[in-house]
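Residue strings, one per chain:
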Amino acid sequence: MATLLEEITAVRQLAEAELNAISSAEGLDRFRVRFLARKGRIAGLFDGLRNAPPEERPALGKALNELRTTVQGLFDRKASGFASEASERPKLDLTLPGRRHPSGTRHPITRTLEEIKSIFLSMGFGIADGPELEDDYHNFGALNFPPDHPARDTQDTFFIDSTALLRTHTSPVQIRVMEQHQPPVRVIMPGKVYRNEAISARSYCLFHQVEGLYVDRGVTFSELKGTLISFIKQFYGSGTRYKFRPTFFPFTEPSADIYISCFICGGKGCRLCKQAGWLEILGCGMVDPNVFRSVGYDAERYTGYAFGMGIERIALLRYGIDDIRLFFENDVRFLNQF
Ligand SMILES: [Zn+2]
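Our subject in this report is the structure included herewith.

About the criteria used
Residues numbered from 1 in each chain as written. Predicted model: local features only at pLDDT ≥ 70, side-chain atom pairs only at ≥ 80, totals over all residues. Heavy atoms only, no water. Helix = DSSP H or I, 4+ residues; strand = E, 2+ residues; numbered from the N terminus. Rg over C-alpha atoms; globule rule 2.2 N^0.38 Å. Contact = heavy atoms within 4.5 Å. Areas by Shrake-Rupley, 256 points an atom, 1.4 Å probe, with all protein chains shown as cover. Donors = N, O, S within 2.8 Å, 3.2 Å for Na, K, Ca; no water. Tetrahedral: all angles 85-135°; square planar, octahedral: opposite > 155°, others 65-115°. Buried < 20%, exposed > 50% of the residue type's maximum accessible area, 1.4 Å probe, protein only. Pairing = 2+ DSSP bridges. Axes fitted to C-alpha atoms, helices over the stretch in contact; angles between N-to-C directions. Core = buried A, V, L, I, M, F, W, Y, C linked by side-chain atoms within 4.5 Å. Expected span 1.5 Å × (residues − 1). Arc of directions from axis to C-beta. Phe/Tyr/Trp six-rings, centres within 6.5 Å; stacked < 30°, edge-to-face > 60°. Patch = residues over 30% accessible without salt bridge, like charges linked within 9 Å, V, L, I, M, F, W, Y side chains within 5 Å. Salt bridge = Lys/Arg side-chain N within 4 Å of Asp/Glu carboxyl O. Lys, Arg positive; Asp, Glu negative; His and termini not counted. Charge placed at Lys NZ, Arg CZ, Asp CG, Glu CD.

## Some thoughts on the overall build of the protein chain
And then number 1: On a plain count of helices and strands, the protein chain comes out with eleven helices and nine strands.
And then number 2: By the compact-globule yardstick of 20 Å for 338 residues, the protein chain is too spread out, its C-alpha radius of gyration being 42 Å.
And then number 3: C-alpha atoms of the protein chain, sized along the principal axes, occupy 125 × 45 × 35 Å.
And then number 4: Contacts in the protein chain between residues at least 24 apart in sequence constitute 67% of all its contacts with a sequence separation of at least 6.
And then number 5: When the accessible surface of the protein chain is summed, it comes to about 19,200 Å², and 52% of that surface belongs to carbon and sulfur atoms.

## A closer look at the coordination of the zinc ion
And then number 1: Bound to the zinc ion on the protein side are Cys262 (SG), Cys265 (SG), Cys270 (SG) and Cys273 (SG), at distances that span 2.2 to 2.3 Å.
And then number 2: Taken together, the four donor atoms surrounding the zinc ion define angles of 103 to 116° at the centre, an arrangement classified as tetrahedral.
And then number 3: Summarised as a motif, the one-chain spacing of the donors to the zinc ion is C-x2-C-x4-C-x2-C. Exposure class is identical for Cys262 and Cys270. Each is buried.

## With respect to unusual backbone geometry
And then number 1: The omega torsion across Pro183 and Pro184 is 0°, close enough to zero to call that bond cis.
And then number 2: Between Glu253 and the following residue, Pro254, the backbone shows a cis peptide bond with an omega angle of -5°.
And then number 3: Inspection of the secondary structure assignment puts Pro254 in strand β7 (residues 252-261).
And then number 4: The backbone of Lys274 sits at a positive phi, close to 50°, despite the residue not being glycine.
And then number 5: Using a relative accessible area of 69% as the deciding quantity, one classes Lys274 as exposed.

## Here we look at the sheet that holds strand β8 (residues 278-287)
And then number 1: Strands sit in the order β1-β4-β5-β9-β8-β7-β6 across an open sheet of seven strands; the sheet is mixed. Here the strands that pair on one side only, and so sit at the sheet edges, are β1 (126-127) and β6 (242-249).
And then number 2: Packed on one face of the sheet, helix α10 (residues 311-319) meets β5 (206-216), β8 and β9 (303-310) and runs near 55° to β9.

## Observations concerning the nonpolar core
And then number 1: Judged by nonpolar contacts, the single largest core of 45 residues is most densely connected at Ile116, Phe120, Phe231, Phe307 and Met309.
And then number 2: In terms of residues, this core owes the most to one element, helix α8 (residues 221-236), which gives six residues.
And then number 3: Not counting residues within four places of it along the chain, the set of residues in contact with Phe231 comprises Ile116, Ile119, Phe120, Met123, Leu282 and Met309.
And then number 4: Phe145, Met189, Phe292 and Tyr297 belong to the second-largest nonpolar core, a separate cluster that totals 24 residues.

## Structural notes on helix α1 (residues 4-21)
And then number 1: With 18 residues, α1 extends 26 Å from end C-alpha to end C-alpha; this agrees with the ideal 26 Å at 1.5 Å per step.
And then number 2: By the burial criterion, the buried members of α1 are Leu4, Ile8, Val11, Ala15 and Leu19. One side of α1 holds all its buried residues, which, seen down the axis, span an arc of 65°. α1 presents Gln13, Asn20 and Ala21 as exposed residues on the side facing more than 90 degrees away from its buried surface.

## Notes on the packing of aromatic side chains
And then number 1: Scanning the entire structure with this criterion turns up 19 aromatic pairs.
And then number 2: Seen from their ring centres, Phe221 and Phe244 are 6.5 Å apart, and the 65° between their planes marks the pair as edge-to-face. Here Phe221 is found in helix α8, whereas its partner Phe244 is found in strand β6, with 23 residues between them in sequence.
And then number 3: Judged by relative accessible area, which is 28%, Phe221 ranks as partly exposed.
And then number 4: Here Phe244 falls in the partly exposed class, since its relative accessible area comes to 23%.

## A short note on a positive patch on the surface
And then number 1: Taken together, the side chains of Arg202, Arg271, Lys274 and Arg313 define a basic patch exposed on the protein surface.
And then number 2: As for its position among the elements, Arg202 is in the loop between β4 (185-194) and β5.
And then number 3: Arg202 sits in the exposed class, given a relative accessible area of 54%.

## Comments concerning the pattern of salt bridges
And then number 1: For the coordinates displayed, the defined rule picks out eleven salt bridges.
And then number 2: The shortest N-O distance in the salt bridge between Arg50 and Asp47 comes to 3.4 Å.
And then number 3: Residue class for Arg50 comes out exposed when judged on its relative accessible area of 61%.
And then number 4: We note a salt bridge from Arg325 to Asp323, for which the minimum N-O separation is 2.9 Å.
And then number 5: Arg325 gets classed as partly exposed once you look at its relative accessible area, which sits at 29%.
And then number 6: The exposure class assigned to Asp323 is buried, which follows from its relative accessible area of 17%.

## Things to note about α8
And then number 1: Spanning 16 residues, α8 covers 22 Å between terminal C-alpha atoms, matching the ideal 22 Å at 1.5 Å per step.
And then number 2: Where α8 is concerned, the buried positions are Leu224, Thr227, Leu228, Ile229, Phe231, Ile232, Phe235 and Tyr236.
And then number 3: On its buried side, α8 packs onto α5 (108-122), β6, β7, β8, β9 and α10.
And then number 4: Within two residues after α8, Gly237 carries a phi angle of roughly 115°, on the positive side.

Okay, structure coming up:
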């Protein structure tokens, strides 16, 4: 008959082998009952201690305690392995409703810009782009704003140093296009512009413009009118009335502001048009020969027209928005409406 010590060794080897082979939580529980429970194999060995000769009992007791500690330790390690595996497994609940991905909307400024772009593209204009950080020459000098000319005061901006500034209009792109290309030139220039304005419901330090430029031999004011009237009819509706009113811009001569009949009241007068019946939407004119000279075009040979409009103003009017700051606050309650 095997001695108790031999049995302890055999139980240890068996327990280790069985624990290694266990692959489920159920198997682990069966092992616990067989080896570690009150009536398990190890407890049974403790019972055998009573029959051992008294002088051997202290050593056997020590060996048994070690066996129990070792097997319990191995068991705990295996059990914690199963527990972490179970928590890593994704819990799939097929009864849960699916997650909806909210779809965004296009910003009202983007929508307005894209509509304007597509109308001019259909009329044969290309699209040109340029830097928002400009030099004084491209933003003012080349556009016939001499230093200290009072027209500069209407376009105060943010100066980075004495010559670098944030552009106040997209007109410097016109200069850059003309510097790089000989006529014919027919492009629109959409983009962000900056002004040092007190921020209010009506003005902001940042807004968007679209400008247009057409230069070739024999371009006339009637072509300017034809193109812009066609734009107005497509964008604001075929029944829209319009008028041209003379004005001053440093870079065009003659120059005009275009007004359209108020699309809310049809010209009778309302809050939107401030009872005037008309809304100013565009500035335009024939390019000043001085501008052609500054880009090296022959002003005797070429003529051209230019125009520009503020996108925020158009979007405010179109969507009946009464505060320009809403465009830049990124409040989804506002943006979701478009
Ligand atoms: Zn009106």
